[in-house]
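One letter stands for each residue in the lines below.
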Amino acid sequence: MPVLAIAVASLFLLLLMAHYGDERYRAAAAVAFVGHLFVTLVVLPRLPYAWDIAYFHRSAMDVATGTVVTGSQTVASFAAFQGLLYTLFSPQPTTLGVFNGLFAVLVAIPATSLARELYPQTKDTPAVALTVLFLPLPFLFTSIPMRDALAVLLCITLLAVCLRTRTNGAASGLPAIPLWGLLYLLRPELALVVSLGIVATTLVSAARRVGVQSVPTLSVILGVVGCLGFSLFAEVLLPFQRVNAQLQRRATGGAVYLDGMAYRSWFDFLLAAPARGVYFQFAPFPLHVDSAFHLLALTGTVVVIVLFVSAARSLYACEFDETAAVFLGVVYLAGVVGYGTINSNFGTNVRHRMVFDFLLVVFASPILHGWWLRLHEWLGVAPSERGYDDEQQRKA
């Protein structure tokens, strides 16, 4: 057992909770961290799934022993971090699992910041924090000793820093530069999606400053952003000659969907993108289930559907900041469609869509807050303060 790693991660969490958040977050964060430790140390060794834990472990051992890492750039980049943990602490995957639990707990902080930026009337966001902390499938997969927990934390933090620059000035956005660079090393597709959101927000804001408010003009701007995103995907991430190879490589294992599909042209690619985006966000569907793990993934699908409907209802019924909505909306749509065009395994989807599940939580924060207040009423406990005025809460 990596005792020293647990002690250091626990101390860091205690120091953070002493200066951030209220008692509800502190208590929930402590429970969540203990839960992640339990999953890492007790549950995962007893599951019949290995994922890519051994692959990342070997790469980290290569770094720790001074051997050249033979994996991809993204794996080598994360291996440098994991290898550093192995040097400082015990060289075993559970060491990374301990710090992944810490990263997973920290995601709630930038997520609540995003909710306050999107819905400026928000004063209290315990429902967002609790949902982010205890979403079942993300809770499991951020405990697995791989790179997902760190990538999710970097991405959500980068989004929060970008939005905070509007109120705190350009200087407060300087941390976005190293955050973007670190995210690009681990998940270049996520870094480019965030860049796309920044471009879209900048263009829409500039159009409004010069008096352009018409829906057709703004639609054209977003269309240009879409073309830019497609160009980034086609020329930077995955040229067409590699698309089908990647598609077939990901269509392996026992959780495959749409297997046997291939693109004959970029037109086929664009035509299939919306439907494959739906598969990415919501698969598996009931007919996909033929094992206990698939059933677990299906329960996650039910949760995601509830969050999606709640997010749509919240954006329809409540006032929101348009700039934040454009930024987060472009990131969400571009990410879901981009991943969906290549992913063909809903086991992989569950890991890759955690960022977008958390964005759904942010979008749905008014509805979640309404449920939080109703829970307090049912328990007969008065909440400390209302996060929305009465009219906004009534609409939610």
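All residue numbers refer to position in the chain's written sequence, counted from 1. Note on the predicted model: pLDDT of at least 70 is required for a residue's local features to be given, and 80 or more for side-chain atom pairs to be given and counted; whole-chain, interface and lining totals, by contrast, use all residues. Side-chain figures throughout are based on the complete set of non-hydrogen atoms in the structure, without hydrogens or water.

Trainee: Describe helix α19 (residues 365-379), listing the residues and the values that go with them.
Mentor: For α19, built from 15 residues, the straight-helix expectation of 21 Å at 1.5 Å per residue is met to within 8% by its first-to-last C-alpha distance of 21 Å. Relative accessibility under 20% of the residue-type maximum defines a buried residue, over 50% an exposed one, and the middle range a partly exposed one, all with a 1.4 Å probe and only protein chains included. Secondary structure follows DSSP: runs of H or I at least 4 residues long count as helices, runs of E at least 2 residues long count as strands, and numbering of each begins at the N terminus. For α19, every residue scored as buried is listed here: S365, P366, I367, L368, H369, G370, W372, L373 and H376. To estimate the expected span of a helix, count its residues, drop one, and scale the result by 1.5 Å.

Trainee: Describe the nonpolar core, with residues and values.
Mentor: Ranked by internal contacts, the top residues of the largest apolar core, which has 97 residues, are L114, I156, L159, L328, F356 and L359. Considering each element in turn, this core owes the most residues, 13 residues, to helix α9 (residues 148-168). For F356, the contacting residues outside a window of four places in its chain are L190, F280, Q281, V331, Y332, G335, V336 and Y339. Formed by 8 residues, the second largest nonpolar core is a distinct cluster that contains A207, I221, V225 and V330. Here, the term nonpolar core denotes a set of buried Ala, Val, Leu, Ile, Met, Phe, Trp, Tyr and Cys residues that are joined through side-chain atoms within 4.5 Å. Note on definitions: a residue-residue contact is assigned when non-hydrogen atoms from the two residues lie within 4.5 Å.

Trainee: Could you give an account of the packing of helix α5 (residues 93-106) against α9, naming the residues involved and the relevant values?
Mentor: For helices, the fitted axis covers only the stretch in contact; all axes are lines through C-alpha atoms, and the angles between them, taken along N-to-C directions, range from 0 to 180 degrees. Direction vectors running N to C along α5 and α9 enclose 25°, while the axes themselves pass 8 Å from each other. The angle between α5 and α9 falls in the class roughly parallel. In this structure, the crossing between α5 and α9 has a hand that is left-handed. Mapping the contact onto sequence places N100, F103 and L106 in α5 and A149, L150 and L153 in α9. Angles below 35 degrees are treated as roughly parallel, those above 145 as roughly antiparallel, those between 65 and 115 as roughly perpendicular, and all remaining angles as oblique. Each crossing is labelled by how the near helix is turned from the far one, with a counterclockwise turn of less than a right angle marking it left-handed and a clockwise turn marking it right-handed.

Trainee: Could you give me a rundown of the confidence of the model for the protein, with the residues and numbers involved?
Mentor: It should be kept in mind that the predicted coordinates are not to be read in detail where pLDDT is low. Confidence in the prediction of the protein, expressed as mean pLDDT, is 85, and 90% of residues score 70 or more. Low pLDDT, under 50, characterises residues 385-390; the stretch is placed with 18 contacts to residues that sit more than four places away or in other chains. One number per residue, pLDDT, summarises how confident the predictor is, and it ranges from 0 to 100.

Trainee: Describe unusual backbone geometry, listing the residues and the values that go with them.
Mentor: P284 follows A283 through a cis peptide bond whose omega is 10°. Mapping P284 onto the fold places it in the loop between α14 (266-282) and α15 (292-317). Positive phi outside glycine occurs at W51, with the angle close to 50°. Within the fold, W51 resides in the loop between α2 (23-43) and α3 (53-64).

Trainee: Before we move on, can you summarise the state of the cysteines with the specific residues and values?
Mentor: Cysteine sulfur atoms are paired as a disulfide whenever they come within 2.5 Å of each other. Taken as a whole and judged by the stated rule, the model has 0 disulfides. Looking at C155, it has no disulfide partner, and the nearest cysteine sulfur is the one in C162, 9.5 Å off. Among the residues examined, C155 registers a relative accessible area of 1% and is labelled buried.

Trainee: How would you sum up the environment of E322? Please name residues and give values.
Mentor: Checked against the element boundaries, E322 lands in helix α16 (residues 322-340). By relative accessible area, which is 43% here, E322 ends up partly exposed. Along the primary structure E322 and L85 are separated by 237 residues, whereas in three dimensions their C-alpha atoms are 41 Å apart.

Trainee: Before we move on, can you summarise the packing of helix α7 (residues 126-134) against α19 with the specific residues and values?
Mentor: Put simply, α7 and α19 touch, their axes get as near as 8 Å, and they point 100° apart. The orientation of α7 relative to α19 falls into the category roughly perpendicular. Every residue of α19 that contacts α7 at P126, A127, V128, L130 and T131 is listed here: S365, L368, H369 and W372. Its residues assigned to classes, the contact of α7 with α19 comprises 6 nonpolar, 3 polar and no charged. Under the grouping applied here, Gly and all other residues not named as nonpolar or charged are polar, the nonpolar ones being Ala, Val, Leu, Ile, Met, Phe, Trp, Tyr, Cys and Pro and the charged ones Asp, Glu, Lys and Arg.

Trainee: Explain the pattern of salt bridges to me, using residue names and the numbers behind them.
Mentor: Two side chains of opposite charge can pair, provided their charged atoms sit close to one another. Think of a salt bridge as a Lys or Arg side-chain nitrogen and an Asp or Glu carboxyl oxygen that are within 4 Å of each other. By the definition in use, this model includes 8 salt bridges. Here the salt bridges do not stand alone but share partners, grouping E117, R164, R166 and D321 into one network.

Trainee: For the side chain of T142, give the residues involved together with the corresponding values.
Mentor: Mapped onto the elements, T142 comes out in the loop between α8 (136-141) and α9. Given the relative accessible area of 5%, T142 is considered buried. Two N or O atoms count as a polar contact when they lie within 3.5 Å, although within protein this holds only if one can serve as hydrogen donor and the other as acceptor, and sequence-adjacent residues are included solely when both atoms are side-chain atoms. Of note is the side chain of T142, whose polar atom sits 2.6 Å from the backbone oxygen of P138. One polar contact links the side chain of T142 to the main-chain carbonyl oxygen of F139, over a distance of 3.4 Å. For T142, the contacting residues outside a window of four places in its chain are H36, N100, G101, A104, A149 and M354.

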